[in-house]
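If you want the building blocks of each chain, they are given just below.
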Amino acid sequence: MGFSTVERTVPDALFTAVYRGLFAQAFPPEELDGEDVLAAALEGGAANLFAVVDNAGTPVAAAFGEWSEASRVQLLTYLAVGPAARGGGIGGRLLRDAVNVWSVRRDPCIVVAEIEDPGAPAHDAHGDPRRRLAFYEAAGARVLDVPYFQPGIGGPGGRVRGMLLLVLHAAPVFISGDGIDGAPLRAFMEEYLAEAEGAVGDDDEARALLAAFDRPGGVPAGRWRAAQ
Ligand SMILES: CC(C)(COP(=O)(O)OP(=O)(O)OC[C@H]1O[C@@H](n2cnc3c(N)ncnc32)[C@H](O)[C@@H]1OP(=O)(O)O)[C@@H](O)C(=O)NCCC(=O)NCCS
């Protein structure tokens, strides 16, 4: 079976097939935005979709990303490989290809992703968080040392705890010492909180997260440690 990678910047039938056939199966509802929200992000021009399709045009893997021009941070919002195709190298190739395209197209930029913390309770139906982290680390990802939570879709009540923020690429201009420049990451996070939750919260959890981006010397990024 031959596969090819295609890109979409507007919603179409392939986008619908990816959302319903891959993303909705791979992610718990609290981590997945609505189909209309992703379609609107594509329409708005700041999002794009890479899909790996088989000979019949059926998507077997996909990566969806959103670009923040204001902060110069590219988020890999969703990456999923259909259950039948997992473990065959498709996800790894797609991840590297997507990060390469974004890092060139958006240069200079930081590319980030959010994944479940392997130390947090596992969702059996959605894969093993330890293996998933190993997958990202094998592609060069590093864990940012911040008390991360996924902003709540619709408000702070929907926040997803037990998540990690990964850096997949940082242009040299955004690397300071052993860390990643916190200013663009903070700007990205404020924008993300405002969009998802309606405002940047002034609660302890949001303050602690934002303060972690203000550390002198940048935000440390390294391999995951269980006690982190
Ligand atoms: C994580 C995922 C994208 C990997 O794609 P893939 O094509 O299976 O991965 P590759 O063949 O390139 O690499 C294999 C590695 O992927 C990881 N992996 C494979 N299946 C996995 C699963 N069900 N759960 C978690 N990680 C998995 C492992 O690290 C594996 O290495 P290992 O076999 O030595 O443990 C894919 O398994 C998937 O879609 N999982 C569900 C959705 C998801 O977790 N998305 C990422 C969060 S944004």
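If you're wondering where the values come from, they're calculated on a predicted model, not measured in any experiment.

Draft legend 1. Representation of the overall build of the protein in the model. Secondary structure assignment for the protein yields six helices and 10 strands. Taken against the 2.2 N^0.38 rule, which gives 17 Å for 228 residues, the C-alpha radius of gyration of the protein at 17 Å falls within 12% of a compact globule. Relative to its full complement of 228 residues, the protein shows a buried share of 49%. Put simply, of all contacts in the protein between residues at least 6 apart along the chain, 70% involve residues at least 24 apart.

Draft legend 2. Structural detail: the site of the ligand. Taken together, 18 residues surround the ligand, and among them Leu79, Val81, Gly89, Arg131 and Arg132 come closest. Gly89 is positioned with one of its backbone polar atoms (N or O) 2.6 Å from an oxygen atom of the ligand. Between the ligand and Arg132, the relevant distance is 2.3 Å, taken from an oxygen atom to a side-chain nitrogen or oxygen of the residue. When the free accessible area of the ligand is taken as 850 Å², the share hidden by the protein chains comes to 80%. More than half of the atoms belonging to the ligand lie within 2 Å of the grid points that define the largest pocket. Among the elements of the structure, β4 (73–81), α3 (90–105) and α4 (129–138) are those that each provide at least two residues to the shell around the ligand. A total of four residues in the shell around the ligand trace back to one element, the largest contributor, which is α4. Its residues assigned to classes, the shell around the ligand comprises eight nonpolar, six polar and four charged.

Draft legend 3. Focus on helix α6 (residues 204–212). Listed in full, the buried residues belonging to α6 are Ala206, Leu209, Leu210 and Ala212. Seen from one end, α6 has its buried residues packed into an arc of 160 degrees, which puts them on one side. At its buried positions, α6 is contacted by α5 (182–197) and β10 (219–222).

Draft legend 4. Structural detail: the pattern of salt bridges. This model, assessed by the stated rule, comprises 15 salt bridges. A salt bridge links Glu35 to Arg20; the shortest N-O distance between them is 2.9 Å. In this pair, Glu35 is assigned in helix α2 (residues 35–43) and Arg20 in helix α1 (residues 13–26), connecting sequence segments 15 residues apart. The shortest N-O distance in the salt bridge between Glu205 and Arg159 comes to 2.8 Å. One end of the pair, Glu205, is in helix α6; the other, Arg159, is in the loop between β6 (142–144) and β7 (163–170), with 46 residues separating them in the sequence. With a relative accessible area of 25%, Glu205 lands in the partly exposed category. Each of Arg159, Arg161, Glu197, Asp203 and Glu205 takes part in one network of salt bridges that share partners.

Draft legend 5. The pairing of strand β5 (residues 110–116), seen in detail. Among the seven residues in β5, seven count as buried, and that is most of the element. As defined by bridge partners, β5 adjoins β7 across seven bridges and the pair is classed as antiparallel. Paired with Ile115 across the two strands is Leu164, which belongs to β7.

Draft legend 6. Spatial organisation of the pairing of β4. With nine of nine residues buried, β4 lies mostly within the body of the structure. The sheet contact formed by strand β3 (residues 59–68) and β4 spans eight bridges and is antiparallel. For Trp67, the partnering residue across the bridge sits in β4 and is Gln74. Turn length for the β3-β4 hairpin, with the two strands adjacent in sequence and antiparallel, is four residues, and the turn residue Arg72 shows positive phi of about 65 degrees. Two strands pair when backbone bridges link them, and β4 and β5 are joined in this way by four bridges, in the parallel orientation. Residue pairing across strands places Gln74 opposite Val111, the latter belonging to β5. In this view, the connection linking β4 to its parallel neighbour β5 by way of α3 has right-handed handedness.

What counts, and at which threshold
- Residues numbered from 1 in each chain as written.
- Predicted model: local features only at pLDDT ≥ 70, side-chain atom pairs only at ≥ 80, totals over all residues.
- Heavy atoms only, no water.
- Helix = DSSP H or I, 4+ residues; strand = E, 2+ residues; numbered from the N terminus.
- Rg over C-alpha atoms; globule rule 2.2 N^0.38 Å.
- Buried < 20%, exposed > 50% of the residue type's maximum accessible area, 1.4 Å probe, protein only.
- Contact = heavy atoms within 4.5 Å.
- Near = heavy atom within 4 Å.
- Polar contact = N/O pair within 3.5 Å; in protein donor to acceptor, adjacent residues only side chain to side chain.
- Areas by Shrake-Rupley, 256 points an atom, 1.4 Å probe, with all protein chains shown as cover.
- 1 Å grid on protein atoms, 1.4 Å probe; cavity = no way out; pocket = protein on both sides within 12 Å on 5 of 7 lines; lining within 4 Å.
- Sits in = over half its atoms within 2 Å of the grid points.
- Nonpolar A, V, L, I, M, F, W, Y, C, P; charged D, E, K, R; others polar.
- Arc of directions from axis to C-beta.
- Salt bridge = Lys/Arg side-chain N within 4 Å of Asp/Glu carboxyl O.
- Pairing = 2+ DSSP bridges.
- Right-handed = clockwise from strand over helix to strand, strands pointing away.

All quantities given are derived from atomic positions and should not be read as evidence of function.
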